[in-house]
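# Chain and residue survey
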Amino acid sequence: MSPEEPQGDYAEMVTRSREETIRLGRCLGELLRPGDVVALIGDLGAGKTTLAKGIASGAGVEDEDEVTSPTFVLVNEYRGRLPVYHADLYRLQEAPELEDLGWEEFIYGEGISLLEWAEKIPGVLPDERLEIRISWIGADERKFVISGKGAKTEFIRQLRKKWKKED
Ligand code: ADP
Ligand code: MG
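Before going into details, it helps to say that this report is about the structure given with it. (Residues numbered from 1 in each chain as written. Chains lettered and ligands numbered in written order. Predicted model: local features only at pLDDT ≥ 70, side-chain atom pairs only at ≥ 80, totals over all residues. Heavy atoms only, no water.)

## Description of the coordination of the magnesium ion (ligand 2)
The protein atoms that coordinate the magnesium ion (ligand 2) are Thr 49 (OG1) and Glu 116 (OE), at distances spanning 2.2 to 2.3 Å. On the criterion of sequence distance, the pair formed by Thr 49 in helix α2 (residues 48-58) and Glu 116 in strand β5 (residues 112-116) is long-range, its members being 67 residues apart. (Donors = N, O, S within 2.8 Å, 3.2 Å for Na, K, Ca; no water. Helix = DSSP H or I, 4+ residues; strand = E, 2+ residues; numbered from the N terminus.)

## Points about the side chain of Asp 88
Position of Asp 88 among the secondary structure elements: in strand β4 (residues 83-88). The side chain of Asp 88 sits in the buried core without any salt bridge; Lys 48 is the nearest counter-charge, 6.6 Å away. Not counting the four nearest positions on each side in its chain, Asp 88 is found in contact with Ser 69, Pro 70, Thr 71, Leu 74, Glu 116 and Trp 117. (Buried < 20%, exposed > 50% of the residue type's maximum accessible area, 1.4 Å probe, protein only. Lys, Arg positive; Asp, Glu negative; His and termini not counted. Salt bridge = Lys/Arg side-chain N within 4 Å of Asp/Glu carboxyl O. Contact = heavy atoms within 4.5 Å.)

## Things to note about the nonpolar core
Judged by nonpolar contacts, the single largest core of 31 residues is most densely connected at Leu 28, Leu 51, Leu 114, Ile 132 and Leu 159. Listed by contribution, the elements that provide at least two residues to this core are β1 (10-15), α1 (18-31), β2 (37-41), α2, β5, β6 (129-138), β7 (141-149) and α5 (153-165). (Core = buried A, V, L, I, M, F, W, Y, C linked by side-chain atoms within 4.5 Å.)

## Some details on the site of ligand 1
Contacts to ligand 1 come from 16 residues, most closely from Thr 21, Gly 45, Lys 48, Thr 49 and Thr 50. Between Thr 15 and ligand 1, the recorded distance is 3.1 Å, taken from a side-chain N or O atom to a nitrogen atom. Backbone polar atom of Gly 45 to an oxygen atom of ligand 1: 2.8 Å apart, as the coordinates give it. In the complex, 76% of the free accessible area of ligand 1, which totals 570 Å², lies under the protein chains. Elements supplying a minimum of two residues to the shell around ligand 1: α1 and α2. (Near = heavy atom within 4 Å. Polar contact = N/O pair within 3.5 Å; in protein donor to acceptor, adjacent residues only side chain to side chain. Areas by Shrake-Rupley, 256 points an atom, 1.4 Å probe, with all protein chains shown as cover.)

## Some remarks on α5
With 13 residues, α5 should reach 18 Å at 1.5 Å per residue; the first-to-last C-alpha distance of 19 Å fits that figure. Considered for burial, the residues of α5 that qualify are Phe 155, Ile 156, Leu 159, Lys 162 and Trp 163. Viewed end-on, α5 has its buried residues packed into an arc of 130°, placing them on one side of the element. Facing away from the buried side of α5 by over 90 degrees, the exposed positions are Lys 161, Lys 164 and Lys 165. Buried residues belonging to α5 abut β1, α1, β6 and β7. (Expected span 1.5 Å × (residues − 1). Arc of directions from axis to C-beta.)

## Looking at the pairing of β5
Of all five residues making up β5, five are buried, and the element is well covered by its neighbours. Here β5 shows no split at all, with Ile 112, Leu 114 and Glu 116 on one side and Ser 113 and Leu 115 on the other all buried. Judged from the four bridges that link them, β2 and β5 form a sheet pairing that is parallel. Across the sheet, residue Val 37 finds its bridge partner in β5, namely Ser 113. Across five bridges, β4 lies against β5 in parallel orientation. The residue bridging Ala 87 from the neighbouring strand is Leu 115, located in β5. (Pairing = 2+ DSSP bridges.)

## Some points on the packing of α1 against α2
As a packed pair, α1 and α2 sit with axes 6 Å apart at the nearest point and diverge in direction by 45°. With respect to each other, α1 and α2 are oriented oblique. Taken as a pair, α1 and α2 cross one another with a handedness that is right-handed. Contacts from Arg 18, Thr 21, Ile 22, Leu 24, Gly 25, Arg 26, Leu 28, Gly 29 and Glu 30 of α1 reach α2 at Thr 50, Leu 51, Lys 53, Gly 54, Ile 55, Ser 57 and Gly 58. (Axes fitted to C-alpha atoms, helices over the stretch in contact; angles between N-to-C directions. Parallel < 35°, antiparallel > 145°, perpendicular 65-115°, else oblique. Left-handed = near helix turned anticlockwise from the far one by under 90°.)

## Re the sheet that holds β6
Strand order in the open sheet made by the seven strands is β1-β7-β6-β2-β5-β4-β3, with mixed pairing throughout. Since the sheet does not close on itself, it has two edges, and those belong to β1 and β3 (75-79), each with one partner. The mean inter-strand angle of the sheet, taken between neighbouring strand axes irrespective of direction, is 20°. On the sheet, α1 packs against β1, β6 and β7 and is oriented at approximately 150° with respect to β1.

In structure tokens:
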């Protein structure tokens with residue numbers, strides 16, 4: 001995975017506040033299914049954790065405050081309509097540490113996996129995943145480029161519809 005332009009079908013969305021990003025996350029979270037893996041890519045302060053809050057909420061996690069950056073523990077687990085695993089791989093030093101995290105258990109499990117700094121582990125991610133690249137446009141403005149890898153392209157179509165309907 002590299003910062004190249006997304007291949008295939010993708011959606012570009014702009015949000016103009018933290019709240020709007022939470023709402024975009026909710027749209028995503030409502031569409032996610034057991035076993036889905038979401039790679040969140042973007043600089044510090046881009047909005048990865050904020051989007052993760054929205055996604056968790058859309059997946060049925062009730063307490064938004066529970067969703068915080070898992071930098072020090074590496075993986076948080078929340079209970080929604082499915083388990084939500086939220087990892088921050090920024091501090092990850094090497095692949096063997098993934099085993100310590102119980103990586104396979106969550107990435108190939110029945111929950112939703114949200115991976116901040118997923119670009120740190122190219123080659124380890126499942127082929128089928130969503131990739132969300134977040135970039136800074138202005139103080140309160142962010143751009144989200146959301147692409148589906150593998151069979152995830154249908155997801156993009158549904159997301160576009162949902163986002164538009166709620167606009
Ligand atoms: P990351 O996890 O990528 O480091 P965070 O989600 O923790 O980023 O932080 C994003 C910061 O940017 C928060 O302080 C948030 O309030 C602020 N912000 C301002 N505008 C937006 C927006 N449109 N979307 C997301 N966050 C925003
Ligand atoms: Mg974060």
